[in-house]
Amino acid sequence: MTFTATNPTIATPFALPLRSMAERKDGEGGGRDGEGGLLTETKTRTQRPPLYKVLLLNDDYTPMEFVVHVLERFFGLSHAQAFEIMLTVHKKGLAVVGVFSFEVAETKVAQVMDFARRHQHPLQCTMEKE
């Protein structure tokens, strides 16, 4: 397929001749001494963000049912899962509720703390780097 420009005011995309890397002058193509050069592509690996554990702490005043409700509402746990974690908090003093990126963990801690305060419970929720 050949294109020719019959009207000098209309530019065609094939108006300039193409040259190979070997035909280019030194410095034009990035090669050495007129040789063809290879372009190397560097691949960068993105690091995974650090993860944070969200912990629920035991106290002597927050009702167990309230803790189960918090676990179901803010962490999407089933009733059985929430009940198990609540018992772990009650018996061991604390439990890991989940592991999240910094922003998600921070948001969950704030939500739990705000909800507990609004319901006048001293429930404590914290986060720490995994």
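None of the values given here were measured: they were computed from a predicted structure.

(A) Examining the sheet that holds strand S2 (residues 94–101) more closely. Read across the sheet, three strands follow the order S2-S1-S3 without closing on themselves; strand pairing throughout is antiparallel. One side of each edge strand has no neighbouring strand; the edge strands of this open sheet are S2 and strand S3 (124–129). Between one strand and the next, the sheet's axes are offset by a mean angle of 25 degrees, whatever the strand orientation. Pairing of strand S1 (residues 51–57) with S2 involves seven bridges; the strand directions are antiparallel. Across the sheet, residue Leu57 finds its bridge partner in S2, namely Leu94. Sheet strands in contact with helix H2 (residues 79–92) are S1 and S2, and its direction is about 125 degrees off that of S2.

(B) Just the nonpolar core, in detail. Of all hydrophobic cores here, the largest spans 25 residues; its most connected members are Leu56, Leu71, Phe75, Val112 and Leu123. Secondary structure elements with two or more residues in this core: S1, helix H1 (64–75), H2, S2 and helix H3 (102–118). In terms of residue count, the dominant contributor to this core is H1 (seven residues). If we skip the residues at most four places from it in the chain, Val112 touches Leu56, Val70, Phe74, Phe75, Leu123 and Cys125.

(C) Molecular detail of the packing of aromatic side chains. As enumerated under the stated definition, the model contains four aromatic pairs in all. Measuring from centroid to centroid gives 5.4 Å for Phe66 and Phe115, while their planes differ by 10 degrees, and the two rings are stacked. One end of the pair, Phe66, is in helix H1; the other, Phe115, is in helix H3, with 49 residues separating them in the sequence. For the pair Phe66 and Phe115, a shared accessibility class is recorded, and that class is buried. Where Phe75 meets Phe100, the ring centres are 6.3 Å apart and the plane angle is 35 degrees; that geometry is what we call tilted. A residue pair is termed long-range when its members are at least 10 positions apart, and Phe75 in helix H1 and Phe100 in strand S2 qualify at 25 residues. One aromatic cluster is present, formed by Phe66, Phe74 and Phe115 through successive ring pairs. Above the ring of Phe100, the side-chain terminus of Lys108 is found at 5.5 Å from the ring centroid.

(D) The side chain of Thr62, seen in detail. Position of Thr62 among the secondary structure elements: in the loop between S1 and H1. A polar contact of 3.4 Å, which involves the side chain of Thr62, links it to the backbone nitrogen of Leu123. Those residues within four positions of Thr62 in sequence are excluded, and the remaining contacts are Val67, His121, Pro122 and Leu123.

(E) Seen up close, H1. Counted at 1.5 Å a residue, the expected span for H1 with its twelve residues is 16 Å, and the 16 Å between its end C-alpha atoms agrees. Looking at H1, one finds that the buried residues are Phe66, Val67, Val68, Val70, Leu71, Phe74 and Phe75. Elements in contact with the buried residues of H1: S1, H2, S2 and H3.

Cut-offs applied
- Residues numbered from 1 in each chain as written.
- Predicted model: local features only at pLDDT ≥ 70, side-chain atom pairs only at ≥ 80, totals over all residues.
- Heavy atoms only, no water.
- Pairing = 2+ DSSP bridges.
- Helix = DSSP H or I, 4+ residues; strand = E, 2+ residues; numbered from the N terminus.
- Axes fitted to C-alpha atoms, helices over the stretch in contact; angles between N-to-C directions.
- Contact = heavy atoms within 4.5 Å.
- Core = buried A, V, L, I, M, F, W, Y, C linked by side-chain atoms within 4.5 Å.
- Buried < 20%, exposed > 50% of the residue type's maximum accessible area, 1.4 Å probe, protein only.
- Phe/Tyr/Trp six-rings, centres within 6.5 Å; stacked < 30°, edge-to-face > 60°.
- Lys NZ or Arg CZ within 6 Å of the ring centre and 35° of its normal.
- Polar contact = N/O pair within 3.5 Å; in protein donor to acceptor, adjacent residues only side chain to side chain.
- Expected span 1.5 Å × (residues − 1).

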